[in-house]
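Chain by chain, the residues:
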Protein chains: 2
Amino acid sequence: MQSYPSKSVEKAVEQISKLPGIGKKSALRLALHLLKQEELFTLQLVDALTKLKSDTKFCKTCHNLSDEVECNFCSSDNRDRHILCVVEDFRDVMAIENTHQYHGMYHVLGGLISPMDGVGPADLQIESLLGRLDGTITEVILALSPNMEGDTTAFYLNRKLSSFNLTVSTIARGVPIGGELEYADEVTLGRSILNRIKQG
Amino acid sequence: MQSYPSKSVEKAVEQISKLPGIGKKSALRLALHLLKQEELFTLQLVDALTKLKSDTKFCKTCHNLSDEVECNFCSSDNRDRHILCVVEDFRDVMAIENTHQYHGMYHVLGGLISPMDGVGPADLQIESLLGRLDGTITEVILALSPNMEGDTTAFYLNRKLSSFNLTVSTIARGVPIGGELEYADEVTLGRSILNRIKQG
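About the criteria used
Residues numbered from 1 in each chain as written. Chains lettered and ligands numbered in written order. Predicted model: local features only at pLDDT ≥ 70, side-chain atom pairs only at ≥ 80, totals over all residues. Heavy atoms only, no water. Contact = heavy atoms within 4.5 Å. Buried area = accessible area lost by both parts, 1.4 Å probe. Salt bridge = Lys/Arg side-chain N within 4 Å of Asp/Glu carboxyl O. Polar contact = N/O pair within 3.5 Å; in protein donor to acceptor, adjacent residues only side chain to side chain. Helix = DSSP H or I, 4+ residues; strand = E, 2+ residues; numbered from the N terminus. Nonpolar A, V, L, I, M, F, W, Y, C, P; charged D, E, K, R; others polar. Phe/Tyr/Trp six-rings, centres within 6.5 Å; stacked < 30°, edge-to-face > 60°. Buried < 20%, exposed > 50% of the residue type's maximum accessible area, 1.4 Å probe, protein only.

Draft legend 1. Here's a closer look at the interface of chain B and chain A. Every contact between the two is made by 52 residues of chain B and, on the other side, 52 residues of chain A. Summed over both sides, the interface between chain B and chain A buries roughly 5100 Å², with carbon and sulfur atoms accounting for 70% of that surface. Across the contact surface, chain B and chain A share 0 salt bridges. Between chain B and chain A we count 12 residue pairs in polar contact (both at pLDDT 80 or more) in total. Residue assignment for the side of chain B that touches chain A shows that the elements contributing at least two residues are α1 (7-16), α2 (24-36), α3 (39-55), β2 (65-66) and α4 (90-99) of chain B. The greatest single-element share of the side of chain B that touches chain A, amounting to 13 residues, is contributed by α3(B). Split by residue class, the side of chain B that touches chain A holds 24 nonpolar, 14 polar and 14 charged.

Draft legend 2. Layout of the packing of aromatic side chains. Residues and elements named next belong to chain A. This model, assessed by the stated rule, comprises 4 aromatic pairs over all chains. Between phenylalanine 73 and tyrosine 106, the ring centres sit 5.1 Å apart and the planes meet at 65 degrees, which makes this aromatic pair edge-to-face. With phenylalanine 73 in the loop between β2 (65-66) and β3 (80-87) and tyrosine 106 in strand β4 (residues 104-108), this residue pair connects regions lying 33 residues apart in the sequence. Looking at tyrosine 106, the relative accessible area reads 0%, which means it is buried. Taken together, the aromatic side chains of Phe73, Tyr102 and Tyr106 make up a single cluster linked through ring pairs.

Draft legend 3. Quick peek at the pattern of salt bridges. Scanning the model with the defined rule gives 10 salt bridges over all chains in all. Where Glu97(A) meets Arg79(A), a salt bridge forms, and the shortest distance between an N and an O atom there is 2.8 Å. Separated by 18 residues along the polypeptide, Glu97(A) in helix α4 (residues 90-99) and Arg79(A) in the loop between β2 and β3 bring together distant segments of the chain. By the burial criterion, Glu97(A) is buried, and Arg79(A) matches it. Salt-bridge contacts for Asp151(B) lead to Arg173(B); the nearest nitrogen and oxygen are separated by 3.1 Å. Taken together, the residues Asp151(B) in helix α6 (residues 148-161) and Arg173(B) in the loop between β6 (167-170) and α7 (186-194) connect sequence positions 22 residues apart. Its relative accessible area of 33% is what places Asp151(B) among the partly exposed residues. What makes Arg173(B) partly exposed here is its relative accessible area of 24%.

Right, dumping it as structure tokens:
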């Protein structure tokens, strides 16, 4: 049991340490840092956190984070409207955008099917995904994490998507570029042999 | 250059990543966590941060953090007013209190002398320390970090305190309890031999 020098410090540490990956010690260090800074520093932080919650919207079409009712991708004229990439959350959109290899549309599920965590298909944006398949979209790419939840969700979506007249693909799995073969785990390496790509 | 899905997320990431030890990736993870929580979660955090800055005072006597004009130690009747422990900041007070071995008063310098960082004696609560030495205090313990800044500050304080009629001591340095001798660094081990304690 720590004895904090002041109630306000204790309260701040309590709230800060509720954030994921921040323990009491880190929270105390952050609180001390804030106390040492000018008032403006805290004001700006508090303002940004308040606005994060109040100003951030979810795009009505793809459910990506957005400042407007429709996100930059859905309202853009420069994206390929025939291809749709399904991802778990907005960080995946950012990661894919950073590759500069994809120019189609997105659909953010808002999670993955996970019976362990009580997340079922109805908790995800799956109905609205199916609602977008009006014939314009000819290919759906499932870009989900290569783990149990991702595979379960992909399996479920595959079944749902089979009744539509479109191509369903998943992102390639294999040895990461720059990695050394001997350090690749056997599942990944095995998959990379099964899914080998014919040359020329 | 990341392309954030919304201005409010970008702004929040920018402010959160100004905190020490939190990079852009962690800030983004924290922002996503906040977005996924109830509004109340952010409100409580923002409230605690605001109050941290507005409600936390510095004790007028020892400069420890406090909710009142005078801190719990300075206003307490149960502390030994003859002995004064000089520390760098309030986390040291908490660390010493957690040992339950000390029952005297404290004095928080608010930093250590560090010419590299432009911190001189005038930037610390040294004048007010000397002002407290009115004859009641018979021993001053220097509990400063065992590094260059701590040693410089201790040297400076030793000289200043030499004109007062009191005992000046420093916390013992030596091998940490529970540690193994062979892993102790040579400076610490050497010091622990020089400062050996006679038995019986």
